[in-house]
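Observations on the model geometry
The chain contents come next:
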Amino acid sequence: DQLCAHSTNESASDIVVDFSEVDRIAARSLANLVRSQRELKTKGRRLVLACLPSAIADILNINPVGKELLISPTVEQAVDLLTNDDDIESSDTEDS
């Protein structure tokens, strides 16, 4: 719920969500992540999921909506990804 509230905030900040201490996620929470990602994208902002446990990454990999989310192995790499717009734009166009 906090993420959804932050995604509607008019701040210009991108968001990195650190999953390093998460071992499970509810379907509703996944839906909230996707909704937040879509909302942020309309504002020119981005959401990156970092440190996803393999079980959650597997769910996102088999689910079509998971393709909409940016995923990074570490928080540091997520921040690097956000500071390099060219990488994000090229990864978006590769999926198209």
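A few points on the structure. Computed from a predicted structure; not experimentally measured.

**A short note on the environment of Leu69**
- Within the fold, Leu69 resides in the loop between α3 (54-62) and β3 (70-72).
- Relative accessible area serves as the criterion here: at 8%, Leu69 is assigned to the buried category.
- Separated by 23 residues in the primary sequence, Leu69 and Arg46 have C-alpha atoms spaced 9.2 Å apart.
- If we ignore the near neighbours within four places in the chain, the residues touching Leu69 are Leu33, Val34, Gln37, Leu47, Leu49 and Leu60.

**Quick word on the pattern of salt bridges**
- Evaluation of the coordinates by the stated rule reveals four salt bridges.
- For Asp23, the salt bridge goes to Arg24, with nearest N and O atoms at 3.9 Å.
- A relative accessible area of 56% places Asp23 in the exposed class.
- Since its relative accessible area comes to 69%, Arg24 is described here as exposed.
- Measuring nitrogen to oxygen at the nearest pair gives 2.6 Å for the salt bridge that ties Glu68 to Arg38. Taken as a pair, Glu68 in the loop between α3 and β3 and Arg38 in helix α2 (residues 27-42) lie far apart in primary sequence, 30 residues in all.

**Here we look at α3**
- Of the residues making up α3, those classed as buried are Ile56, Ala57 and Leu60. For α3, the buried positions fall inside an angular range of 100° around the axis, keeping them on one side. Facing away from the buried side of α3, by more than 90 degrees, are the exposed residues Ser54 and Ile62.
- The inward-facing, buried residues of α3 abut α2, β2 (47-50) and β3.

**Focus: the sheet that holds β2**
- Taken together, the three strands give an open sheet; going across it, the order is β1-β2-β3, and neighbouring strands pair in parallel fashion. Of all the strands in the sheet, just β1 (15-18) and β3 have a single pairing partner and so form its edges. Strand-to-strand twist in this sheet, taken as the mean axis angle between neighbours without regard to direction, amounts to 30°.
- Two strands pair when backbone bridges link them, and β1 and β2 are joined in this way by four bridges, in the parallel orientation. By the bridge assignment, Asp18 is partnered in β2 with Ala50.
- Against the sheet, helix α4 (residues 75-83) contacts β1, β2 and β3, and its axis sits at roughly 165° relative to β1.

Parameters and conventions
- Numbering of residues starts from 1 in every chain and runs along the sequence as written.
- Per-residue local features of the predicted model are confined to residues with pLDDT of at least 70, and side-chain atom pairs are confined, for both listing and counting, to 80 or more; whole-chain, interface and lining totals are unaffected and use all residues.
- Excluded from the side-chain calculations are hydrogens and water; all other atoms, namely the structure's heavy atoms, are used.
- Comment: elements are numbered from the N terminus, with helices defined as DSSP H or I runs of at least four residues and strands as E runs of at least two.
- Residue burial is assigned from relative accessible area. The probe radius is 1.4 Å, only protein chains are included, and a residue is buried under 20% of its type maximum, exposed over 50%, and partly exposed in between.
- Here, residues are in contact when the closest pair of their heavy atoms is within 4.5 Å.
- Salt bridges are defined as contacts in which a side-chain nitrogen from Lys or Arg sits within 4 Å of a carboxyl oxygen from Asp or Glu.
- It is the directions from the helix axis to the C-beta atoms whose arc is reported.
- One requirement defines pairing of two strands: DSSP has to find at least two bridges between them.
- Under this scheme, a helix contributes an axis fitted over its contacting stretch, all axes are lines through C-alpha atoms, and angles between N-to-C directions fall in the 0 to 180 degree range.

In short, geometric facts, not functional conclusions.
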